[in-house]
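Letter by letter, the chains look like this.
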Amino acid sequence: MTRRSFTALPLAALPVTGLVLSAPAWAATATPTVEEQRLDQAAPQEILRRSGFDTAVQEFAAALSGVRSRAAAERVVSRYGSGLWRKAVDRAQGRGPAGGDLSRDDDRPLYWARLAMTREVRLWQPDAARSALLDRLERTSRGEDSVGLPAGKGVKRILLTGFDPFQLDIDVRRSNPSGATALALDGVTVETASGPARIETAVFPVRWTDFTAGTVERTLLPSFRPGPRQVHLFTTVSQGRVGRFDVERFNGAWRGGYPDNENLSVTGVVPVPYASEQPQWTTTTLPYRAILAAGAGPFPVYDHTSVTEIPAGATDPVTSATGPTPGSTARAGGGGDYLSNEIAYRATLLRDELGLDIPGGHVHTPVLQFGDGNTDPATGTVTDPAFVANRLAIIAQVRAIVVTAAGTL
């Protein structure tokens, strides 16, 4: 790869915290956000109760209400935010009590408990501290600040990311198998054809403003920089199409404006001010041929090359089935024009800006669906056997894809 020069933000020397470019909109107000307001619906409350995560929220609220200084509040937020992430990971990986009858592989208790905790922070009175506390709670409860890749040459280092549930106004019961996979694989060591590999994970919000604020780069940069803990392979993961996995070959520098979890819509070029010459496209370096050949699971896996572009000299977008043509302008990568495409674009651009010659890219999972007879959100239950079986199958196949990819190192 060709290393680009740096202008606005010299990443090679930049402190990690320097990548927070602006405060997300949710951090500026004491009013509950759109996401937090969904908490009062029956399904989120049932998910919290049937997982035992409702008690974690109650304990956090009691602890926060008993402090008056910002320093004390920061300690409470850090403790309970990190504890929430660890509780979710432990539950997903079979450690400790299940806390209820909801299946352990479920990612939704973490999502709804985090929102309940951020709402508690908004009720805490000192306005001046609120943004910093919310930011700390978000990062600690997502695993974004605890990626602990081991040093040394005895084990390969892998970073995997997932997402929160989304499209919750369509069905508030929704789960995201990419987030569930992140919980299932955080801190796990797997055996591959090239030896053991350690996986560390984080889960990202489905919010445009957080991505604009640099949350992806701030999380990935410590593991991308040269050093004894530098990552050997990374993959961003999100939910994609029905009944299939896709290894997305190309990622585009365009936001298509689909509403996020705050019901905000943003259209335009992906904002990455640290890139001196922002490309329209980035490309996966994941070993997609090996992944496709392995066929490791019940779902078919595709090398997805289609993009939407405005060809050089043209004005209207067209679909190119084999990838971008020379000089074209991006309108959608293989993963679309939503935040799954954007995280893939940002991660692979950061890889290229730092001159890393490592495998990295994006994998789309199948859509996680409820079982027959449980598709109506108004009358359906929050879980069913087919729903759990599908999520477990997706998690297992993502793990197999990672093992195959790491085996090529």
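Refer to the structure printed above.
Predicted model, so just to flag it, every value in this text is computed and none were measured.

Caption draft 1: Layout of the environment of S103. Structurally, the position occupied by S103 is in the loop between α4 (70–92) and α5 (108–123). Residue S103 is classed as buried on the basis of its relative accessible area of 17%. Placed 280 residues apart in sequence, S103 and T383 show a C-alpha to C-alpha distance of 8.6 Å. Contacts of S103, omitting those with residues within four sequence positions, involve R91, V388 and R391.

Caption draft 2: Broad picture of the sheet that holds strand β14 (residues 360–365). Taking strand neighbours across the sheet as the criterion, the 7 strands line up as β2-β3-β1-β4-β14-β5-β10 in an open arrangement whose pairing is mixed. Strand pairing shows two members of the sheet lacking a second neighbour, β2 (189–192) and β10 (301–304), which therefore form its edges. On average, each strand axis in the sheet is inclined to that of its neighbour by 30°, with strand direction left out of account. By the bridge criterion, 3 bridges tie strand β5 (residues 245–248) to β14 in an arrangement that is antiparallel. Following the sheet pairing, E248 is matched in β14 by H362.

Caption draft 3: Local environment of the pattern of salt bridges. Scanning the entire structure with this criterion turns up 30 salt bridges. Ionic pairing is found between D246 and R241, a salt bridge with its closest N-O pair at 3.0 Å. Residue classification places R241 among the partly exposed positions, given a relative accessible area of 27%. Between R244 and D246 there is a salt bridge, and its shortest N-O distance comes to 2.5 Å. Taken together, the salt bridges that share partners define one network made up of E35, R114, E138, R142, D164, R207 and D210.

Caption draft 4: Structural detail: the sheet that holds strand β13 (residues 329–332). The antiparallel open sheet is built from 3 strands, whose spatial order is β12-β11-β13. Each end of this open sheet is capped by a strand with a single partner; those strands are β12 (318–320) and β13. When the angles between neighbouring strand axes are averaged without regard to direction, this sheet yields 45°. When strand β11 (residues 307–310) meets β12, the two strands line up antiparallel, connected through 3 bridges. In the sheet register, T308 faces β12, and the bridge partner there is T319.

Caption draft 5: Spatial organisation of α4. Between its terminal C-alpha atoms α4 stretches 33 Å, which fits the 33 Å expected from 23 residues at 1.5 Å a residue. Restricting attention to buried positions, one finds in α4 the residues A72, A73, V76, V77, Y80, G81, L84, W85, A88, V89, R91 and A92. Positive phi appears at G94, one or two residues downstream of α4, with a value of about 80°.

Caption draft 6: Fine view of unusual backbone geometry. Positive phi, close to 55°, is recorded for Q167, a residue that is not glycine. Inspection of the secondary structure puts Q167 in the loop between β1 (156–163) and α7 (177–185). The class for Q167 is partly exposed, based on a relative accessible area of 26%. Even without being a glycine, N263 presents a positive backbone phi close to 60°. Checked against the element boundaries, N263 lands in the loop between β7 (254–256) and β8 (267–269). A relative accessible area of 41% means that N263 is categorised as partly exposed.

Caption draft 7: Main features of the side chain of D164. Locating D164 in the fold gives a position in the loop between β1 and α7. Within the structure, D164 has its side chain in polar contact with the side chain of R142 (distance 2.8 Å). Other than its neighbours up to four places away in sequence, D164 contacts Y111, R114, R142, N176, V203, F204, P205, V206 and N261.

Cut-offs used in this document
- Residues numbered from 1 in each chain as written.
- Predicted model: local features only at pLDDT ≥ 70, side-chain atom pairs only at ≥ 80, totals over all residues.
- Heavy atoms only, no water.
- Helix = DSSP H or I, 4+ residues; strand = E, 2+ residues; numbered from the N terminus.
- Buried < 20%, exposed > 50% of the residue type's maximum accessible area, 1.4 Å probe, protein only.
- Contact = heavy atoms within 4.5 Å.
- Pairing = 2+ DSSP bridges.
- Axes fitted to C-alpha atoms, helices over the stretch in contact; angles between N-to-C directions.
- Salt bridge = Lys/Arg side-chain N within 4 Å of Asp/Glu carboxyl O.
- Expected span 1.5 Å × (residues − 1).
- Polar contact = N/O pair within 3.5 Å; in protein donor to acceptor, adjacent residues only side chain to side chain.

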